[in-house]
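One letter stands for each residue in the lines below.
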Amino acid sequence: MVAKRPIYLDHQATTPVAPEVIAAMLPYFAEHPGNPSSGHLYGWEAEAAVKQARICLAEAIHANPEEIIFTSGATEANNLAIKGIAEAYLQKGRHIVTVQTEHNAVLEPCRYLEKLGFEVTYLPVQAQGLIDLQQLDQTLRSDTVLVSVMAANNETGVLQPLAEIGALCQQHQALFHTDAAQAIGKIPLDVQTIQADLLSFTGHKLYGPKGVGALYLRRGTRIAPLLHGGGQEKGLRSGTVATPMIVGLSKAVELAMLHQATESQQLSQLREELWQQLQKIEGIYLNGHPTQRLPGCLNISVAGVDGNRLLRELQPNVAISSGSACASAKPAPSHVLTALGRDAALARASLRFGLGRTNTSDDIAQAAQHVIHAVTQLRSTQAATLNS
Ligand SMILES: *Cc1c(COP(=O)(O)O)cnc(C)c1O
């Protein structure tokens, strides 16, 4: 007998690859094995596929195909954006602005640049996770080269006001980068409307393969490459172009665009069902913004329980994650939730539900039952220990 597997509610961490995506990728492993740089039939076939993918990605965000640089994912795209712009615009200044709730793939390149002598402002957020635009306005200076603000937060799903941020950057002549790893395919994104100069993608958060992504770079924007070698991607990203992965990324984006409206409605509804049921728990708090949020994301904190024990209790039945990084025995509370003003105990006792394409109302009902049961269980054992 095969053991029952936990219900997968961790789509913010990664998603399964869609069957259509696998089917699109398969021919490019063996049937069409060419290197897009080669000058023969095999090379041309691969080159055509990559060209088509570039058009598809560009269309999805209202960019031009030549503004797309393929990378290994959003971590690389963010590193290229931040370090590459910092190096290329040294003449303009050494000031960068980002936000405390960014993904580490933005925060760490910024910390690295600080060590090299750059100055970075890490903007705080308000209680519901949004930045204060007035504060951003006051932070921008003539030597600010880059502003990096994510489109959708990976822990809370909070959506930042990108168009307003883009307008402020434009006013102050600072370049605007947004990490859209969580947002692409889930909310409409138009680089013209938001006036973004750089935007990071990844495949595996939208039912594409892991290990592929892209950076949109507005025409006329200078950037220094991270990798030096064969000069692929106009010298901005050396390394043999990963044709099958790029075809997969493109198919995933195409599908996401096709189904965005219906999927978003479906996920919002499931998320509301889950939240409704979980509110039977006393001392439960929603983390993030009630409406300015990704459709499939629900992040909650439960008062008076140990977050790690709660996760362990749930593991056999529900695959979710905590807001905290569980690498160590005593995990640090999530930097995102503490930036929202949650105290360490509540930040540690958080659960992130990431709902996805294949989840059903039945999954949600079962998951809620498991969570309610686990919380009740933990609270009663904790009370028993206290009383003994
Ligand atoms: C997942 C994620 C990343 C990292 O993407 P990879 O493709 O795994 O490198 C970066 N930023 C955000 C917001 C993410 O959710």
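All figures in this text were calculated on a predicted structure; none of them were measured in a lab. (Residues numbered from 1 in each chain as written. Predicted model: local features only at pLDDT ≥ 70, side-chain atom pairs only at ≥ 80, totals over all residues. Heavy atoms only, no water.)

**Student:** What am I meant to see in helix α6 (residues 162-172) here?
**Tutor:** It helps to recall that an α-helix has 3.6 residues per turn; residues three or four apart then point in one direction. For α6, the full list of buried residues reads L162, I165, G166, L168 and C169. Buried residues in α6, looked at end-on, bunch into an arc of 160°, giving them a common side. Exposed side of α6, more than 90 degrees from the buried face: Q170 and Q171 are the residues found there. Where α6 is buried, its residues touch α5 (133-139), β5 (144-148) and β6 (175-179). (Buried < 20%, exposed > 50% of the residue type's maximum accessible area, 1.4 Å probe, protein only. Helix = DSSP H or I, 4+ residues; strand = E, 2+ residues; numbered from the N terminus. Arc of directions from axis to C-beta. Contact = heavy atoms within 4.5 Å.)

**Student:** Honestly, empty space enclosed by the protein in this entry has me stumped. Any pointers?
**Tutor:** To find the voids left in a structure, one rolls a probe of water-molecule size over its atoms. Under the definition given, this model contains two cavities of 30 Å³ or more. One number sums up the size of the largest cavity: a volume of about 190 Å³. The wall of the largest cavity is formed by 20 residues, among which K186, Y207, E263, L267 and L355 lie closest to the centre. Here the lining of the largest cavity is built from residues that sort into eight nonpolar, eight polar and four charged. Taken domain by domain, the lining of the largest cavity gets at least three of its residues from each of domain 1 (19-258) and domain 2 (260-387). Estimated volume of the second largest cavity: approximately 40 Å³. Around the second largest cavity, the lining residues are T101, G129, M150, N153, T156, V158, Q160, V336 and L340. Looking at the lining of the second largest cavity residue by residue, the class counts come to four nonpolar, five polar and no charged. (1 Å grid on protein atoms, 1.4 Å probe; cavity = no way out; pocket = protein on both sides within 12 Å on 5 of 7 lines; lining within 4 Å. Points joined across faces, edges and corners; volume = space filled by probe spheres on them. Nonpolar A, V, L, I, M, F, W, Y, C, P; charged D, E, K, R; others polar. Domains from an automatic or database assignment.)

**Student:** In this structure, what is going on with the site of the ligand? I would like to understand it.
**Tutor:** Around the ligand sit G73, A74, T75, H103, M150, N154, D179, A181, Q182, T202, H204 and K205, and that is every residue in its neighbourhood. Note that an oxygen atom of the ligand is positioned 2.5 Å from one of the side-chain N or O atoms of T75. In this structure, an oxygen atom belonging to the ligand sits 2.6 Å away from a side-chain N or O atom of K205. For the ligand, the protein covers 87% of the area, taking 380 Å² as the surface of the free molecule. Its residues assigned to classes, the shell around the ligand comprises three nonpolar, seven polar and two charged. (Near = heavy atom within 4 Å. Polar contact = N/O pair within 3.5 Å; in protein donor to acceptor, adjacent residues only side chain to side chain. Areas by Shrake-Rupley, 256 points an atom, 1.4 Å probe, with all protein chains shown as cover.)

**Student:** Would you mind showing me how to read unusual backbone geometry here?
**Tutor:** Phi is mostly negative for residues that are not glycine, and the peptide bonds are mostly trans. With a phi close to 50°, E233 is a non-glycine residue in the positive phi region. Following the sequence through the fold, E233 ends up in the loop between β8 (213-217) and α7 (243-278). Taking the relative accessible area as the measure of exposure, E233 reaches 11% and is therefore buried.

**Student:** It is not clear to me how the domain arrangement of the chain should be interpreted in this structure. Could you clarify?
**Tutor:** The accessible area lost on association of the parts is a frequent measure of interface size. Annotation of the chain at the domain level lists domain 1 (19-258) and domain 2 (260-387). Summarising the inter-unit geometry, the C-alpha centres of domain 1 and domain 2 are found 29 Å apart. Buried area between domain 1 and domain 2, summed over both chains or domains, comes out near 2,200 Å², and the portion from carbon and sulfur atoms is 54%. In terms of surface lost to domain 2, no three residues of domain 1 exceed E155, T156 and Y207, which account for 32% of the buried area on that side. Counting across the interface, domain 1 meets domain 2 through zero salt bridges. Elements with a minimum of two residues in the side of domain 1 that touches domain 2: α4 (104-115) and α7. Looking at which element gives the most residues to the side of domain 1 that touches domain 2, the answer is α7, with three residues. Here the side of domain 1 that touches domain 2 is built from residues that sort into 14 nonpolar, twelve polar and three charged. (Buried area = accessible area lost by both parts, 1.4 Å probe. Salt bridge = Lys/Arg side-chain N within 4 Å of Asp/Glu carboxyl O.)

**Student:** Which parts of the structure should I look at to understand the sheet that holds strand β9 (residues 284-286)?
**Tutor:** Each strand in a sheet pairs with another by means of backbone hydrogen bonds, the pair being arranged parallel or else antiparallel. With antiparallel pairing, the three strands of this open sheet are ordered in space as β9-β10-β12. Across the chains shown, the open sheet's two edge strands, defined by having one partner strand only, are β9 and β12 (350-354). The sheet shows a mean angle of 25° between the axes of neighbouring strands, direction not considered. Relative to β12, strand β10 (residues 297-302) runs antiparallel, the two sharing five bridges. Note on β12: the bridge partner recorded for S301 is S350. Contacts from α7 reach β9, β10 and β12 within the one sheet, and its direction differs from that of β10 by about 15°. (Pairing = 2+ DSSP bridges. Axes fitted to C-alpha atoms, helices over the stretch in contact; angles between N-to-C directions.)

**Student:** Looking at this structure, I do not really get the pairing of strand β4 (residues 119-123). What am I missing?
**Tutor:** Along any regular strand, the residues point their side chains to alternate faces of the sheet. Two strands pair when backbone bridges link them, and strand β3 (residues 95-99) and β4 are joined in this way by five bridges, in the parallel orientation. For H95, the partnering residue across the bridge sits in β4 and is E119.

**Student:** Would you mind showing me how to read the pattern of salt bridges here?
**Tutor:** Between side chains of opposite charge, a pair can form when the charged atoms approach closely. Counting across every chain of the model gives eleven salt bridges. E108 is the partner of R111 in a salt bridge, and the nearest nitrogen-oxygen pair spans 2.7 Å. Of this pair, R111 and E108 both sit in helix α4, three residues apart, which is roughly one turn of the helix. According to the relative accessible area criterion, R111 is partly exposed, its value standing at 35%. The salt bridge partner of D143 is R141, with a shortest N-O separation of 2.9 Å. By relative accessible area, D143 is classed as partly exposed at 26%. Judged by its relative accessible area of 30%, R141 falls in the partly exposed class. Among the charged side chains, a salt-bridge network with shared partners connects E119, R141 and D143.

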